[in-house]
Amino acid sequence: MKFSILLPTRNRLDLLRYAVESVRLQDYHDWEIIISDNASTEDVARFAASCEDDRIRYFRTECLLPVTENWNAALERSSGDYLIMLGDDDGLMRGCLTAVRKMIDDWECPDAIYTQALQFAYPGVIPGQQKGFIQTAYNAFLRGAQQPFLLPRETAQEMVQSALSFRLWYGFNMQHFIISRRLVKTLGNIGPFFQSPYPDYYAANAILLAAKSVVANPRPLIMIGISPKSFGYFYFNQRENEGVDFLQNTATGELPERRRVVLVPGTNMNDSWLCAMETLVRNFPDRRGLRVNYRRYRLLQYYAILRTKSWRGIPIMLRHMRLWEMAIYAPIAILYAVAYLFPPRLRRKAQSALHFVFSATPRFDIQRTTVAYRNMLEAVRGYNI
């Protein structure tokens with residue numbers, strides 16, 4: 001049983017080294033790493049050659065590609081029976097591949113495995129968090145589980161419906177998935193495996209729709225990095241435009257013209273999410289009940305305006321609101337903005353309450369643990385679950 005570790009990268013050689021080493025330290029040895037270098041200015045080729053390992057295969061794109069195209073390029077060059085997408089600031093935890101192989105055997109080669117993951121934030125990346133920390137990624141269907149189980153089809157459908165309604169009930173990060181080559185070929189019948197400006201938002205839900213069997217694993221096997229050079233860094237530090245440039249992806253050109261009337265200002269993240277969901281519905285026309293919740297999309301965009309512009313965002317919202325939206329949302333928006341006049345403690349409580357009403361993610365215990373690790377390799381080698 002051969003695993004392909006897809007490792008797209010661009011100008012993050014310092015982080016890439018840790019990701020590669022986390023694979024090389026596995027106690028299971030039938031794997032390949034596909035490094036898809038997206039026109040880096042750093043000498044990634046020299047690093048790959050210095051590893052002196054035929055299982056590490058290096059490829060370089062001729063020009064800078066959007067992240068989705070580079071992900072597909074890595075996939076096309078792989079040959080493993082199962083695939084794992086690993087960001088260059090992520091890492092495999094100790095014993096990951098051995099544990100995955102056992103699940104594949106125990107569950108008779110499922111189409112996909114969805115595994116719990118941990119998130120490692122580098123020191124100083126998250127505002128107000130000067131020390132590094134590890135936290136649990138949110139997932140509704142893994143709560144309370146102690147052992148791997150076959151994900152019911154009804155639950156998988158429910159997760160997709162939540163995504164179509166702009167709710168993060170499970171992590172869309174591709175690092176959560178171990179994908180069979182069989183499923184890759186099945187989804188290839190409707191186009192590239194990765195599609196839309198947010199390839200993981202699309203692919204995660206396409207997997208749940210297309211897979212005949214998905215094993216859900218509550219034990220964390222992957223560590224997802226939030227590094228100073230990650231999109232998460234730009235997102236958490238309210239530097240979204242830089243994050244879009246980093247990904248080289250934008251939703252503007254991909255949204256169907258008939259849907260542009262629903263667009264409102266807010267965040268590119270919500271626009272890209274919308275595009276991913278539009279693509280999903282278009283590619284699965286035979287699935288009944290797949291509908292994008294455009295009202296919820298607009299609500300999240302209004303909320304994004306409030307969070308970034310406070311009371312100055314109200315005129316922007318009013319220019320785009322429909323009459324029914326004004327009746328429902330305008331009083332809430334005014335309340336959110338007026339809360340800035342409250343004493344700091346009361347303001348935080350009021351806005352926090354509104355945040356969990358309108359946020360895409362539910363309230364949950366992230367089980368955050370402060371750690372002294374300086375990089376991803378130290379985290380995957382030293383952290384004990």
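Let me begin by describing the structure that accompanies this report. Keep in mind the model is a prediction, meaning the values are calculated, not measured.

**Considerations on the overall build of the protein**
1) Next: Broken down by element type, the protein carries 15 helices and eleven strands.
2) Next: For the protein, buried positions account for 57% of its 385 residues.
3) Next: Carbon together with sulfur atoms contributes 52% to the accessible area of the protein, which is approximately 17,800 Å² in total.

**So, the packing of helix α11 (residues 294-309) against helix α13 (residues 323-338)**
Each packed pair of helices is defined by two parameters, the angle between the axes and the distance between the axes.
1) Next: Between α11 and α13, the shortest axis-to-axis distance is 11 Å and the interhelical angle comes to 25 degrees. In terms of orientation, α11 and α13 fall into the roughly parallel class. In the packing of α11 onto α13, the handedness of the crossing is right-handed. When α11 is examined against α13, the residues R295, R298, L299, Y302, Y303, L306 and R307 are found in contact with a partner set consisting of W324, E325, Y329, A333 and Y336.

**Let's talk about a nonpolar patch on the surface**
1) Next: Side chains of I334, V338 and L341 sit close together on the surface and give an oily, nonpolar patch of about 290 Å² of accessible area.
2) Next: Relative to the helices and strands, V338 resides in helix α13.
3) Next: Given a relative accessible area of 34%, V338 falls into the partly exposed group.

**Some remarks on the packing of helix α5 (residues 153-164) against helix α7 (residues 199-210)**
1) Next: At a closest axis distance of 9 Å, the pairing of α5 and α7 adopts a crossing angle of 150 degrees. Put simply, α5 runs roughly antiparallel to α7. By crossing handedness, the relation of α5 to α7 is classed as left-handed. Touching R153, A156, Q157, M159, V160 and A163 of α5 are N205, L208 and L209, all from α7.
2) Next: Residues that form the contact of α5 with α7 fall into these classes: six nonpolar, two polar and one charged.

**Digging into the environment of W31**
1) Next: Along the chain, W31 falls in strand β2 (residues 31-37).
2) Next: Take W31: its relative accessible area is 2%, and that puts it in the buried class.
3) Next: In this structure the C-alpha to C-alpha distance between W31 and D81, which are 50 residues apart in sequence, comes to 9.6 Å.
4) Next: When near neighbours in sequence (up to four residues on either side) are disregarded, W31 contacts K2, F3, V23, R24, D53, R55, I56 and L97.

**Some words on the environment of M174**
1) Next: Along the chain, M174 falls in the loop between α5 and β9 (177-180).
2) Next: Along the chain, M174 and M85 lie 89 residues apart, while their C-alpha atoms are 6.0 Å from each other.
3) Next: Once residues within four sequence positions are removed from consideration, M174 is found in contact with W71, M85, I179, F194, D200, A203, A204 and I207.

**Description of the nonpolar core**
1) Next: Counting residues in hydrophobic clusters, the biggest one holds 74 residues, and the most contacted among them are M174 and I207.
2) Next: Take this core: its biggest share by element is nine residues, from α7.
3) Next: Residues Y28, C96, V215 and I224 belong to the second largest nonpolar core, which totals 34 residues.

**A word on the pattern of salt bridges**
1) Next: In this structure the tally under the stated criterion is 13 salt bridges.
2) Next: For R12, the salt bridge goes to D88, with nearest N and O atoms at 2.3 Å. With R12 in the loop between β1 (3-9) and α1 (13-24) and D88 in the loop between β4 (82-85) and β5 (91-92), this residue pair connects regions lying 76 residues apart in the sequence.
3) Next: The salt bridge involving E32 is made with R57; its shortest N-O contact spans 3.1 Å. Of the two residues, E32 sits in strand β2 while R57 sits in strand β3 (residues 56-60), which places them 25 residues apart along the sequence.
4) Next: In this structure R57 comes out as partly exposed when scored by relative accessible area, which is 28%.
5) Next: One network of salt bridges, with partners in common, ties together K2, E32 and R57.

Criteria and cut-off values
- Residues numbered from 1 in each chain as written.
- Predicted model: local features only at pLDDT ≥ 70, side-chain atom pairs only at ≥ 80, totals over all residues.
- Heavy atoms only, no water.
- Helix = DSSP H or I, 4+ residues; strand = E, 2+ residues; numbered from the N terminus.
- Buried < 20%, exposed > 50% of the residue type's maximum accessible area, 1.4 Å probe, protein only.
- Areas by Shrake-Rupley, 256 points an atom, 1.4 Å probe, with all protein chains shown as cover.
- Axes fitted to C-alpha atoms, helices over the stretch in contact; angles between N-to-C directions.
- Parallel < 35°, antiparallel > 145°, perpendicular 65-115°, else oblique.
- Left-handed = near helix turned anticlockwise from the far one by under 90°.
- Contact = heavy atoms within 4.5 Å.
- Patch = residues over 30% accessible without salt bridge, like charges linked within 9 Å, V, L, I, M, F, W, Y side chains within 5 Å.
- Salt bridge = Lys/Arg side-chain N within 4 Å of Asp/Glu carboxyl O.
- Nonpolar A, V, L, I, M, F, W, Y, C, P; charged D, E, K, R; others polar.
- Core = buried A, V, L, I, M, F, W, Y, C linked by side-chain atoms within 4.5 Å.

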